[in-house]
Amino acid sequence: MSPEEARFEPSRTIERNLGMELIRVTEAAALSAGRWMGKGNKEMVDQAAVDAMRHAVDGVDMHGVVVIGEGEKDEAPMLYIGEEIGNGNKPDVDVAVDPVDGTRLLALGLPGALAVVATAERGTMYSAPPGVYYMEKIAVGPAMKHVIDINAPVTVNLDRIARTRQSHIDDLTVAILDRPRHQDMIRQIREAGARIRLITDGDVAAAIQAAMEDYRGIDVMMGVGGAPEAVLAAAALKCLGGEIQAKIWPRTDEERERFKADGIDLNRVYRTDDLVSGHDVSFAATGITSGELLDGVQYFGWGARTSSIMMRAHSGTVRYIQARHKWRKGVAQD
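Residues numbered from 1 in each chain as written. Predicted model: local features only at pLDDT ≥ 70, side-chain atom pairs only at ≥ 80, totals over all residues. Heavy atoms only, no water.

1. Topic: the side chain of S308
Thinking step 1. Position of S308 among the secondary structure elements: in strand β13 (residues 303–312).
Thinking step 2. Separated by 2.7 Å, the side chains of S308 and T286 make a polar contact.
Thinking step 3. Those residues in contact with S308 that sit more than four places away from it in its chain are I23, E27, A285, T286, L294, R319, Y320 and I321. (Helix = DSSP H or I, 4+ residues; strand = E, 2+ residues; numbered from the N terminus. Polar contact = N/O pair within 3.5 Å; in protein donor to acceptor, adjacent residues only side chain to side chain. Contact = heavy atoms within 4.5 Å.)

Put into structure tokens, the structure is as follows:
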């Protein structure tokens, strides 16, 4: 095979791409939840997305079990952890869902809210122990996956990333959630000289952007965020070839002692393959409010437009999907 022929090898697979079906699920959640943009009602935002996502996922060809969802059955009537979803056909998969990643963003009409679904082979997605809600994280792209260390000082990680980028620390941009718990980390980043992008919510999108080699708006995502979001980010980074490292983060001293009593190792570092160990991983997200990763839902008299991303670890393919949804066939677009 010549060098030119080796540059692109056409796919010869005839297997079904589950990720393409998942896009319909995230589109349904986005279209429903988007109606509540800026109306200040977080409960209705979440309820609209959950209802639409649960209805849409029934038609997906899979036997899925929710590993990351809306909580336990008693507090979540749909998309609860352990719920079986899909039409019951093969494949058997773990499913992670976040009907709205950025509920507050959507309720306030702020940028960056997404509807997200990921799948992997059954038994390969990490499920945090009961009571574990937060993890400390660091996420980067493929070139930096072997140089980061979540246990290293902030400055050391930034220096390693800059050297790998063949740049300087003051060329880097760090995404971090704007939370009081991050005051010391923000101080260290500023003293090191890196730029900072404070985000109010949505660290899944920030982790994805940090891992995209063709996007240089964010070089690394750092800080403490939700444990479920760590798994969703790991699914996406598995597709992109990036790396996330995470550690369980107790919120209080009492919580720390309870975790230790339960035998939870607070020093363990969970890497991408620990959070999602499967190889046939699919990730889908649809924008609800416009952000740098995806455009939000646009509504018209005839229907709506959506913007989505679909990724698959098996092939490494990333697809951006722009869709028009007509309420009724035959209605002219404006």
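2. Observations regarding the pairing of strand β8 (residues 220–226)
Thinking step 1. By the criterion of burial, β8 is predominantly enclosed, with seven of the seven residues buried.
Thinking step 2. Relative to β8, strand β5 (residues 134–140) runs antiparallel, the two sharing six bridges. Bridged to Y134 within β8 is G226.
Thinking step 3. With two bridges connecting them, strand β6 (residues 173–177) and β8 associate as parallel partners. Along β8, the bridge assignment pairs V174 with V220. (Buried < 20%, exposed > 50% of the residue type's maximum accessible area, 1.4 Å probe, protein only. Pairing = 2+ DSSP bridges.)

3. Comments concerning the environment of H182
Thinking step 1. Its place among the elements puts H182 in the loop between β6 and α6 (183–192).
Thinking step 2. Owing to a relative accessible area of 2%, H182 belongs among the buried residues under this scheme.
Thinking step 3. Placed 119 residues apart in sequence, H182 and G301 show a C-alpha to C-alpha distance of 44 Å.
Thinking step 4. If near-sequence neighbours (up to four positions away) are discounted, H182 is found in contact with I176, L177, G223 and V224.
Thinking step 5. Side-chain polar atoms of H182 contact the backbone oxygen of L177, separated by 2.8 Å.
Thinking step 6. Within the structure, H182 has its side chain in polar contact with the backbone nitrogen of V224 (distance 2.7 Å).

4. Thoughts on α6
Thinking step 1. If you check which residues of α6 are buried, you get M185, I186 and I189. Looking straight down α6, one finds its buried side chains confined to an arc of 100 degrees; they lie on one side. Turned more than 90 degrees away from the buried face of α6, the exposed residues are Q183, R190 and E191.
Thinking step 2. Buried residues in α6 make contact with β5, α5 (154–164), β6, β7 (195–199) and β8. (Arc of directions from axis to C-beta.)

5. Side note on the pattern of salt bridges
Thinking step 1. According to the stated counting rule, one finds 17 salt bridges in the structure shown.
Thinking step 2. For the salt bridge of D159 with R163, the shortest nitrogen-to-oxygen distance reads 2.9 Å. Linking D159 with R163, this pair stays in helix α5, spanning four residues, or about one helical turn.
Thinking step 3. Looking at R163, the relative accessible area reads 61%, which means it is exposed.
Thinking step 4. Within this structure, R54, D58 and E83 form a network of salt bridges that share partners. (Salt bridge = Lys/Arg side-chain N within 4 Å of Asp/Glu carboxyl O.)

6. Quick notes on the nonpolar core
Thinking step 1. Formed by 54 residues in total, the largest nonpolar core has its most connected members in M135, I208, I248, L275 and F283.
Thinking step 2. No other element matches helix α8 (residues 227–240), which puts 11 residues into this core.
Thinking step 3. Among the domains, domain 1 (18–122 + 281–326) and domain 2 (134–275) are the pair contributing at least three residues each to this core.
Thinking step 4. Among the nonpolar cores identified, the runner-up in size contains 35 residues, and A29, A33, V97 and A304 belong to it. (Core = buried A, V, L, I, M, F, W, Y, C linked by side-chain atoms within 4.5 Å. Domains from an automatic or database assignment.)

7. Looking at the environment of T164
Thinking step 1. If you trace the backbone, T164 turns up in helix α5.
Thinking step 2. With 90 residues separating them in the primary sequence, T164 and E254 have C-alpha atoms 40 Å apart.
Thinking step 3. Ignoring anything within four residues of it in the chain, the contact list for T164 reads A143, M144 and V147.

8. A look at the confidence of the model for the protein chain
Thinking step 1. Mean pLDDT over the protein chain works out to 92, with 93% of the residues at or above the 70 mark.
Thinking step 2. Per-element mean pLDDT across the protein chain ranges from 55 in helix α1 (residues 3–6) up to 98 in strand β9 (residues 243–248). (pLDDT = per-residue confidence, 0-100.)

9. Description of the packing of aromatic side chains
Thinking step 1. On inspection of all chains with the given rule, the structure shows three aromatic pairs.
Thinking step 2. Look at Y134 and W249: their rings are 6.2 Å apart centre to centre, the planes differ by 75 degrees, and that puts the pair in the edge-to-face class. Highlighted residues: Y134 in strand β5 and W249 in the loop between β9 and α9 (253–261), separated in sequence by 115 residues.
Thinking step 3. A residue is classified by how much of its surface remains accessible, and Y134, at 25% relative accessible area, is partly exposed.
Thinking step 4. On the basis of an interplanar angle of 5 degrees and a centroid distance of 5.0 Å, the ring pair of F300 and W302 is categorised as stacked.
Thinking step 5. For F300, a relative accessible area of 22% translates into the label partly exposed.
Thinking step 6. Between the NZ or CZ atom of K39 and the centre of the ring of W36, over which it lies, the distance is 5.4 Å. (Phe/Tyr/Trp six-rings, centres within 6.5 Å; stacked < 30°, edge-to-face > 60°. Lys NZ or Arg CZ within 6 Å of the ring centre and 35° of its normal.)

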